[in-house]
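# Structural description and commentary
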Amino acid sequence: MEKFFINPDITKAETLPTSFYKSIALFEESKEKIFAKSWQLIESEEYAKQADEAFPFSLLQGFLNEPLVLVRNQNHELNCFSNVCTHRGNILVHHPGKYKKFICNYHGRKFNTDGQFESMPEFKEAKDFPRACEDLHQVEVKEWNGFPFVSLNPGFDFDNVAAILNERVGFMPVSQFQFRPELSREYLVNAHWALYCDNYLEGFHVPFVHPDLNKVLDYQQYRTLIYDYCNLQIGIGDHAEECFNLPENHVDHGQKIAAYYYWLFPNMMLNFYPWGLSINIVKPISIKQCQVKFLTYMYDESKYDKGAGALLDKVEREDEFVVENVQRGINSRFYKNGRFSPTREQGVHHFHSLLSRFITGEIIS
């Protein structure tokens, strides 16, 4: 296996080779080595918010395709289980709603809403039955401000990521933000999913690709903060009409912050603006295509379409044009990899370092 070593010294490091983006084998390996170890947001406003409610879904439909079910128990705790009956593999829960028991509609195997096996017809003569494996497999789930995240095989602790988010946006009533489906969008991008993330993770291209955004951001003060499994780009307002009104005890109090751009490894962005939140999820489709979902959560509509959070669709189209051209370029016979700007591409270097570590197995959950 190619090691894809990324030098930890950004002043010496080279980017991932183009073979990473062109390998079907690596694309398939990334399902278990990267995405199964990551935390993924469940994209639904109806995800078992009341006691005894269950919400079946497929994790990263079209890619991981893992059938799961979220369940809110009587103590209002949110759990997540495999949505596959432990008898013959039938899908167990087909519709969201309230349940007292889960009963498989194939042969009648019964589970309680804590995922525990209860009974099974015609099994009295079975020896060494039931076993612990008759229970539904439990999957890790975390809630952050009303947003549920699940991981099949966590490679890192989501609580650490949540603490990083709370440090700067904890002053906002995020749990009260309202989902606005009419302002949300889906984009089909003809490029490898990681190329899309590469582009997101640096403000280096802003003066060249996004003229309108560049007018409201102070490029010289744009900065990136690196954490273990996430990073943050901070957009400082230049002539922006709207910036955050930060409380006095805030770490950035006194600064004209126009946007907080959080990236969560490997494929999720949480973009906070004075008007609210835009969550971007990059879903792999193939080595040449991905889907990008923009989910809009409104806090203050009077500030929408102002400052750095304005014209998001236009910015996305500008990004697509560049990323799709990079997708064409990496297939050149003459381009293998590049170098990182030490002052502007810390986020990309961080991403490539994590990809290298996860793909080569240096991260052990």
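Up top is the structure these notes are about.
So, here is what we can say about the structure in this document. (Residues numbered from 1 in each chain as written. Predicted model: local features only at pLDDT ≥ 70, side-chain atom pairs only at ≥ 80, totals over all residues. Heavy atoms only, no water.)

With that settled, consider the overall build of the protein. A tally of helices and strands in the protein yields eight helices and 18 strands. Computed over its C-alpha atoms, the radius of gyration of the protein comes to 22 Å, within 12% of the 21 Å expected for a compact globule of 365 residues. Principal-axis analysis of the C-alpha atoms gives the protein an extent of 75 × 50 × 35 Å. Look at the contacts in the protein between residues 6 or more apart in sequence, and 62% of them connect residues 24 or more apart. Accessible area of the protein: about 17100 Å², with a carbon and sulfur share of 48%. (Helix = DSSP H or I, 4+ residues; strand = E, 2+ residues; numbered from the N terminus. Rg over C-alpha atoms; globule rule 2.2 N^0.38 Å. Contact = heavy atoms within 4.5 Å. Areas by Shrake-Rupley, 256 points an atom, 1.4 Å probe, with all protein chains shown as cover.)

Turning next to the packing of helix H4 (residues 193-200) against helix H8 (residues 346-359). Direction vectors running N to C along H4 and H8 enclose 145°, while the axes themselves pass 8 Å from each other. Residues Trp193, Ala194, Cys197 and Asp198 of H4 form the contact with H8, whose own contacting residues are Val348, Phe351, His352 and Leu355. A per-class count over the contact of H4 with H8 returns six nonpolar, one polar and one charged. (Axes fitted to C-alpha atoms, helices over the stretch in contact; angles between N-to-C directions. Nonpolar A, V, L, I, M, F, W, Y, C, P; charged D, E, K, R; others polar.)

This part covers the sheet that holds strand E3 (residues 66-72). With antiparallel pairing, the seven strands of this open sheet are ordered in space as E1-E10-E9-E4-E3-E2-E5. The two strands at the open ends of the sheet, each matched to only one other strand, are strand E1 (40-41) and strand E5 (97-98). Judged from the two bridges that link them, strand E4 (residues 78-82) and strand E9 (residues 138-144) form a sheet pairing that is antiparallel. Note that in E9 the partner of Cys80 across the bridge is Val139. (Pairing = 2+ DSSP bridges.)

All quantities given are derived from atomic positions and should not be read as evidence of function.
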